[in-house]
Amino acid sequence: MTTTTHKQLEVLTDDQTPQKWCVLLKEEVFKKFMSQGSPIVHKVFGVGSFFSPLLFGKFFDPSDAFPLWEFESDILLSSLRSSGQSTIDWFQTDKDYVLKAELPGEGKNSVQVYAENGKVLEISGQWKQQQQQRDQSKTNSARDWRSGNWWESGYVRRLELPQDADWRKMEAYVTNDLILEIKIHKINNSLDSDNNQNTTA
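Every value quoted in this text rests on a predicted model; they were computed, and no experiment measured them.

1. As for the overall build of the protein
Argument step 1. If you tally the helices and strands in the protein, you get 6 helices and 9 strands.
Argument step 2. Taking the intrachain contacts of the protein between residues at least 6 apart in sequence as the baseline, contacts between residues at least 24 apart amount to 68%.
Argument step 3. Within the structure as shown, the protein displays about 12200 Å² of accessible surface, and the carbon and sulfur contribution to it stands at 47%.

2. Here we look at the packing of aromatic side chains
Argument step 1. Applying the stated rule across the entire model yields 13 aromatic pairs.
Argument step 2. Each ring, one from Phe 30 and one from Phe 45, has its centre 6.4 Å from the other, and the planes form 80°; the classification is edge-to-face. Placement of Phe 30 in helix α1 (residues 27-35) and of Phe 45 in helix α2 (residues 39-45) is noted, with a sequence separation of 15 residues between them.
Argument step 3. Look at Phe 45 and you get buried, because its relative accessible area is 1%.
Argument step 4. Centre to centre, the rings of Phe 50 and Phe 51 are 5.2 Å apart; their planes meet at 80°, and the pair counts as edge-to-face. For the residue pair Phe 50 and Phe 51, the accessibility class agrees, reading buried in each case.
Argument step 5. Taken together, the ring pairs connect Phe 56, Phe 60, Phe 66, Phe 71 and Trp 90 into an aromatic cluster.
Argument step 6. Residue placement shows Arg 157 over the ring face of Phe 50; its charged tip is 5.7 Å from the ring centre.

3. Quick word on α1
Argument step 1. The set of residues buried in α1 consists of Phe 30, Phe 33 and Met 34. The buried residues of α1 all sit within an arc of 95° when viewed along its axis, so they share a single face. In α1, those exposed residues whose orientation departs by more than 90 degrees from the buried face are Glu 28, Lys 31, Lys 32 and Ser 35.
Argument step 2. On the buried face of α1, the contacting elements are α2.

4. Details of the sheet that holds strand β3 (residues 88-92)
Argument step 1. Within the open sheet, the 5 strands sit side by side as β1-β8-β9-β4-β3. Their pairing is antiparallel. What marks the edges here is a single partner per strand, and that holds for β1 (6-9) and β3. Strand-to-strand twist of the sheet, defined as the mean angle between neighbouring strand axes without regard to direction, takes the value 15°.

5. Observations concerning the environment of Gln 112
Argument step 1. In this fold, Gln 112 is placed in strand β5 (residues 112-116).
Argument step 2. The class of Gln 112 is partly exposed, set by a relative accessible area of 35%.
Argument step 3. A C-alpha to C-alpha distance of 7.9 Å links Gln 112 and Glu 10, two positions 102 residues apart in sequence.
Argument step 4. When residues no more than four places from it in sequence are discounted, the contact partners of Gln 112 are Leu 12, Glu 122, Ile 123 and Ser 124.

6. What to know about the pairing of strand β7 (residues 154-160)
Argument step 1. Within β7, 6 of the 7 residues are buried, which leaves it mostly tucked inside the rest of the structure.
Argument step 2. Examined bridge by bridge, strand β6 (residues 120-126) and β7 share 7 bridges and lie antiparallel to one another. If you follow Val 120 over to β7, its bridge partner there is Glu 160.

Calculation rules
- Residues numbered from 1 in each chain as written.
- Predicted model: local features only at pLDDT ≥ 70, side-chain atom pairs only at ≥ 80, totals over all residues.
- Heavy atoms only, no water.
- Helix = DSSP H or I, 4+ residues; strand = E, 2+ residues; numbered from the N terminus.
- Contact = heavy atoms within 4.5 Å.
- Areas by Shrake-Rupley, 256 points an atom, 1.4 Å probe, with all protein chains shown as cover.
- Phe/Tyr/Trp six-rings, centres within 6.5 Å; stacked < 30°, edge-to-face > 60°.
- Buried < 20%, exposed > 50% of the residue type's maximum accessible area, 1.4 Å probe, protein only.
- Lys NZ or Arg CZ within 6 Å of the ring centre and 35° of its normal.
- Arc of directions from axis to C-beta.
- Pairing = 2+ DSSP bridges.
- Axes fitted to C-alpha atoms, helices over the stretch in contact; angles between N-to-C directions.

And the structure:
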């Protein structure tokens, strides 16, 4: 019998990291990085990973905000789903925007969730071993991993929040250190009923 762990994450709103995500991941750099990468690199950025720049069928830097909820997951991920290579889903209900994704790594995820300026949802974490991080921090202690070639140490996916998303009412959970689920409540909007009254037959 396996035990399920369900942990709530704090959604951070005050990130003062200077120059975060200032180094863009270019397609040719990504191809070279993957060709020299270890199995963990392929798990983090490979086919079907939520953090892969190729997730949406063509190259898109995951540190650049993507308007995820403007697309249907069934359409955008159809080829991955038909081959059984996707553990990602997003959808909306009457009350919430929902995102579910498998996190990379072997448990003990260092994932962090940020609501940036009420406009962007940022999901990031580190995949490199702690010892390598400590060695690097001794030589360059003032530099945050997100300020340089971030893909060499971690992963990120930045998403544009829909206009009616209430970033103050965002919940994030991790199940079994593997599955991330984020719910963003919608702002109650009475404009919908006003628009319906203004339509003529």
